[in-house]
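Here are the chains, one letter per residue:
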Amino acid sequence: MNTKYNKVTVFKDTDDKLSKAATIVSNISIPDDIPHGDMPGDKIEIGESHIAKARTIFPLLVKELSEKMAANPYKRAVVAVCGGSGVGKSEIASLLSYLLESAGIGSYTMSGDNYPHRIPMYNDAERLHTFRKEGIRGMVDAGVMNADTVAKIREWQAADDDANKAHLETDTWFRSYLEAGSKGLDEYLGTPNETDFAEVDQIMKAFKDGADKLWLKRMGRDEASLWYDEVDMSEKQVLIVEWTHGNSDYMSQVDIPVLLNSTPAETLEHRRSRNRDGKLDSPFTMLVLELEQAKLVKQAHKAKIIISKAGDIISFDQFQELMK
């Protein structure tokens, strides 16, 4: 898919537009109804903090784009806005795209959340199954599986409490379940086992190769909400991918990763505001957020731009200090 396409004519005056972009948009007002990403039904609420962060990022982004677009035959580049979902990733990506468009540089915002192998309700279930399957195996390997421990695990599973670290204080054998389950979950989250990184990479590759149109996946939250749209890219020079895993090592085509700093607590609050499925504050959900946060921290060294929760541009060393 996205391997056969016509190619756009090389964009003219790109350098001139980029040189003026930051000045052009410095004082423009931003309406409430700007276009946003392509995740069906996605709910974004742009606030003053999002606008402030986007305005802070934009001049630095333009400088990075100048270098990357100059090296591309079609004057195109791919930007990834990544971070935990509680940090305003969708909002800031949409704002950056709007600012680029306002400066005469065509931009499209694409959601990486459309590319898991399973629809959301099944992927959530697969995450939990992976944790429990590996946890049970861990108990066998540790020699602690017996009628009593199995009964206790089943009780906790029925209560959606089998990822609760508090059980370590009363049941030492539980460590084998929790550690093995966490390891198995970590090897699933944000990997090709969960997500079709190859398809996302091919989309970015085709875009940078001058594709005038791209077939992009659309995914709702049930099995009846799955399709592709053919999207006109003939006037677009920047593809912005907003996604938790936008800075992943499994992708090779991202030119400029932009990292929005976040914490698991912020991610949880954002999930609540978006009314996602499941028990949002369960121990298992908190474990998922913790593991995703660890992956973001591990990949942070590749980010070209990092912005703190307070809205300040920070270096990687400063980021590491904040995350201790």
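Above this text you will find the structure in question.
The residue count restarts for each chain, going from 1 along the sequence in the order it is written. Side-chain atom pairs in this predicted model are given and counted only at pLDDT of 80 or more, local residue features only at pLDDT of at least 70, and totals for whole chains, interfaces and linings cover all residues. Hydrogens and water molecules were not included; the side-chain quantities draw on all heavy atoms of the structure.

## As for the nonpolar core
Reasoning step 1: Nonpolar cores are built from buried Ala, Val, Leu, Ile, Met, Phe, Trp, Tyr and Cys residues. Side-chain atoms within 4.5 Å join them into one set. Each residue is placed in one exposure class: buried if its accessible area under a 1.4 Å probe, protein chains only, is under 20% of its type's maximum, exposed if it is over 50%, and partly exposed if it falls in between. Ile57, Leu65, Val79 and Leu96 are the most contacted members of the largest nonpolar core, which has 32 residues in total.
Reasoning step 2: Working definition: helices are DSSP H or I runs of at least four residues, strands are E runs of at least two. Numbering for both runs from the N terminus. Here this core takes eight residues from helix α2 (residues 48-70), the largest share from any one element.
Reasoning step 3: Residues are treated as being in contact if the distance between any of their heavy atoms lies within 4.5 Å. Ignoring any residue separated from it by four or fewer positions in sequence, one finds Leu96 in contact with Ala54, Ile57, Phe58, Leu61, Val81 and Ile240.

## Description of the environment of Ala151
Reasoning step 1: Its location among the elements puts Ala151 in helix α5 (residues 147-158).
Reasoning step 2: Separated by 89 residues in the primary sequence, Ala151 and Val62 have C-alpha atoms spaced 58 Å apart.

## A closer look at the pairing of strand β1 (residues 77-82)
Reasoning step 1: Burial analysis of β1 places six of its six residues in the buried class, which makes it a mostly covered element.
Reasoning step 2: Of the two faces of β1, the one carrying Ala77, Val79 and Val81 and the one carrying Val78, Ala80 and Cys82 are both buried.
Reasoning step 3: Strand direction decides the pairing type here: β1 and strand β5 (residues 238-242), joined by five bridges, are parallel. Across the sheet, the residue bridging to Val81 is Glu242, located in β5.
Reasoning step 4: The pairing criterion for strands is at least two bridges between them, as found by DSSP. In this structure, β1 lies alongside strand β6 (residues 256-260), joined through four bridges in parallel fashion.

## Examining the packing of aromatic side chains
Reasoning step 1: By convention, a stacked pair of Phe, Tyr or Trp rings (six-membered ring in the case of Trp) has centres within 6.5 Å and planes under 30 degrees apart, an edge-to-face pair has planes over 60 apart, and any other such pair is tilted. All told, the structure shown has nine aromatic pairs when counted by the stated rule.
Reasoning step 2: Between Phe131 and Phe284, the aromatic rings sit 5.6 Å apart at their centres with planes inclined by 55°, giving tilted as the arrangement. Taken as a pair, Phe131 in helix α4 (residues 120-142) and Phe284 in helix α9 (residues 283-299) lie far apart in primary sequence, 153 residues in all.
Reasoning step 3: On the basis of relative accessibility, which here comes to 0%, the residue Phe131 falls in the buried class.
Reasoning step 4: Put simply, the rings of Phe131, Trp156, Trp173, Phe174, Tyr177 and Phe284 touch in pairs and so form one group of aromatic residues.
Reasoning step 5: A ring is considered to have a charge above it if a Lys NZ or an Arg CZ atom is located within 6 Å of its centre and within 35 degrees of its normal. In this structure, Arg76 is placed above the aromatic ring of Phe207, and the distance from its NZ or CZ to the ring centre is 4.1 Å.

## Let's talk about helix α1 (residues 14-25)
Reasoning step 1: To estimate the expected span of a helix, subtract one from its residue number and multiply by 1.5 Å. Taking 1.5 Å of rise per residue, 12 residues should cover 16 Å, and α1 covers 16 Å from first to last C-alpha, within 8% of that figure.
Reasoning step 2: Regarding α1, the residues found buried are Thr14, Leu18, Ala21 and Val25. One face of α1 carries all of its buried residues, which in axial projection span an arc of 70°. What points out from α1, more than 90 degrees from its buried face, is the exposed set Asp15, Ser19 and Thr23.
Reasoning step 3: Buried residues along α1 sit against α2 and α3 (89-102). In this description, the arc belongs to the directions extending from the helix axis to the C-beta atoms.

Everything listed here is a matter of coordinates, which is why it stays silent on function.
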